Every structure is written in C-alpha cells, then in structure tokens.
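# Fold and geometry: a report
Now for the letters of each chain:
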Amino acid sequence: MITFRTDILPLKDSLFRLALRITQNREEAEDVVQETMLKLWNRRDRWEEIESIEAFAMTICRNLSLDHLKRMENQHASLDDDTTLPFKEGTKVGLSTFSSPFDHTVTQDRIGLVRSIIDTLPEKQRSCVQLRDIEGKAYKDIAAILSISEEQVKINIFRARQTIRQRFQQMDDYKASPPGV
C-alpha cells in the first residue's frame, strides 16, 4: 500500500533537484515541487494503479518544470549558491577527503565547470544526465519519466557526456595554456 508519508514525501529532494536542473531557479523549483506534491495528493485514489509512483512523480515534476520554464522564458537565475547544488563534498561524485585546500578548490572549480556545461545542454540531454548521473536512476525509469525509449535515453546520455567531455577539455586546455599563446 502506497502512503504519502513513506512513499511520496521522501521523493521531494529528488524532485527538487530535477526541477532545479530544469528551471535553474530555486524559487521556481520549490513551486514546482509543491505543485507536484499537490497533484500527487489529488490523484491518491489512483496510486495503487500506478506501476512506479516515483516515475509518475518525476514525470509530473518534469512537465511542471518545463511549463514553469516556458513562463519564465528569459529569467534565468544562476546556480552559484552551493546550497542549491546536488554536488556536495564527498557525495555523488566520488570525492572523499581532500589532501589540501588547493585540492579542494581545484575539485570545486572542476565540478562548477561541469555543472555550467550541463546547464547549457539541450533539455532532454540535461534531464537524462540529471536523472542518470546525479539521481542514479535506471535507464528504464528515465525512459518512463521522460516518455522516450530506453535507446533514446542512452543516446541522449552518450551525446551529453560526449559534449561535456569535449567542452570540459577545451576549457581545461584554455585555462592551462599560458597567456598570449
């Protein structure tokens, strides 16, 4: 039996990260999560019919985020505030302890660079990367959330990772080259 407290409420952090990645605005993401929770609550009589409540919630959240994004159009806030970012020291990215403040700073700079590259990806690629690499979702779940095939999920992730790798390398090479070269 699905309950709001044990099955839906724990999804709020994942929903927030997804909404934040799409809207790129903390307040909009919070609004999206609230609307998502309301929509889920209003459909509580159908919960038992839903194969994956998590995929259903993520789909609602994604669609609402895209709606909010359309409404916001040119109002893009930055993700500079570390409290809004899914990457935290020691989590999700394989970071453990840093041997020096310099190492910590270099790592944070690189994470910030990757984050900014992800933000420039097309929406489908950005959502696939968010759900797979940051949220740890399975391809099947991502396909259900985004209403695309598993093959399309894999293609989007491959292209996104390829773009991230190329842009990161270009930017890293640019930073490493001496001035005037």
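Check the entry above for the structure.
Right, let's walk through the structure included here. (Residues numbered from 1 in each chain as written. Predicted model: local features only at pLDDT ≥ 70, side-chain atom pairs only at ≥ 80, totals over all residues. Heavy atoms only, no water.)

### With respect to the overall build of the chain
Helix and strand content of the chain: eight helices and zero strands. N-terminal to C-terminal, the α/β element order of the chain is α-α-α-α-α-α-α-α. Burial analysis of the chain (181 residues in total) assigns 41% to the buried set. For the chain, contacts bridging at least 24 residues in sequence account for 65% of all contacts bridging at least 6. Element-wise, carbon and sulfur atoms account for 50% of the exposed surface of the chain, whose accessible area totals about 10,700 Å². (Helix = DSSP H or I, 4+ residues; strand = E, 2+ residues; numbered from the N terminus. Buried < 20%, exposed > 50% of the residue type's maximum accessible area, 1.4 Å probe, protein only. Contact = heavy atoms within 4.5 Å. Areas by Shrake-Rupley, 256 points an atom, 1.4 Å probe, with all protein chains shown as cover.)

### A word on helix H6 (residues 123–134)
Between the first and last C-alpha of H6 there are 15 Å, a value that for twelve residues agrees with the 16 Å anticipated at 1.5 Å per step. Counting buried positions along H6 gives nine out of twelve residues, so the element sits mostly inside the fold. Among the residues of H6, Glu123, Gln125, Arg126, Ser127, Cys128, Val129, Gln130, Leu131 and Ile134 are the ones counted as buried. (Expected span 1.5 Å × (residues − 1).)

### As for the pattern of salt bridges
Under the definition given, this model contains seven salt bridges. For Arg21, the salt bridge identified is with Asp119, shortest N-O distance 2.5 Å. Of the two residues, Arg21 is situated in helix H2 (residues 12–23) and Asp119 in helix H5 (residues 101–120); the sequence distance between them amounts to 98 residues. In this structure Arg21 comes out as buried when scored by relative accessible area, which is 2%. Under the relative-accessibility criterion, Asp119 is labelled buried at 18%. In this structure, the salt-bridge partner of Arg62 is Glu123, at a minimum N-O distance of 3.1 Å. Of the two residues, Arg62 is situated in helix H4 (residues 53–72) and Glu123 in helix H6; the sequence distance between them amounts to 61 residues. (Salt bridge = Lys/Arg side-chain N within 4 Å of Asp/Glu carboxyl O.)

### A closer look at the packing of H2 against helix H3 (residues 26–42)
The geometry of H2 relative to H3 is characterised by a closest axis approach of 8 Å and an angle of 135° between their N-to-C directions. On the basis of their axis angle, the class for H2 and H3 is oblique. The two elements H2 and H3 meet at a crossing, and its hand is right-handed. Contacts between H2 and H3 involve Lys12, Leu15, Phe16, Ala19, Leu20 and Thr23 from the former and Arg26, Glu28, Ala29, Glu30, Val32, Val33, Thr36 and Met37 from the latter. In the contact of H2 with H3, the residues fall into eight nonpolar, two polar and four charged. (Axes fitted to C-alpha atoms, helices over the stretch in contact; angles between N-to-C directions. Parallel < 35°, antiparallel > 145°, perpendicular 65-115°, else oblique. Left-handed = near helix turned anticlockwise from the far one by under 90°. Nonpolar A, V, L, I, M, F, W, Y, C, P; charged D, E, K, R; others polar.)

### Here we look at the nonpolar core
Side chains of nonpolar character tend, in soluble globular proteins, to be buried together. Leu15, Cys128, Leu131, Ile142, Leu146 and Val153 are the most contacted members of the largest nonpolar core, which has 34 residues in total. Counting only elements with at least two residues in this core, the list comes to H2, H3, H4, H6, helix H7 (139–146) and helix H8 (150–176). Here this core takes nine residues from H4, the largest share from any one element. When residues no more than four places from it in sequence are discounted, the contact partners of Ile142 are Cys128, Leu131, Arg132, Lys137, Val153 and Ile157. (Core = buried A, V, L, I, M, F, W, Y, C linked by side-chain atoms within 4.5 Å.)

### Quick word on the packing of aromatic side chains
Scanning the model with the defined rule gives three aromatic pairs in all. Geometrically, the ring pair formed by Phe4 and Trp41 is edge-to-face, given 5.6 Å between the ring centres and 85° between the ring planes. Taken as a pair, Phe4 in helix H1 (residues 4–8) and Trp41 in helix H3 lie far apart in primary sequence, 37 residues in all. The exposure class of Phe4 is partly exposed, given its relative accessible area of 23%. (Phe/Tyr/Trp six-rings, centres within 6.5 Å; stacked < 30°, edge-to-face > 60°.)

### Quick word on unusual backbone geometry
The phi torsion at Gln24 lies on the positive side, around 60°, for a residue other than glycine. Here Gln24 lies in the loop between H2 and H3. Taking the relative accessible area as the measure of exposure, Gln24 reaches 12% and is therefore buried.

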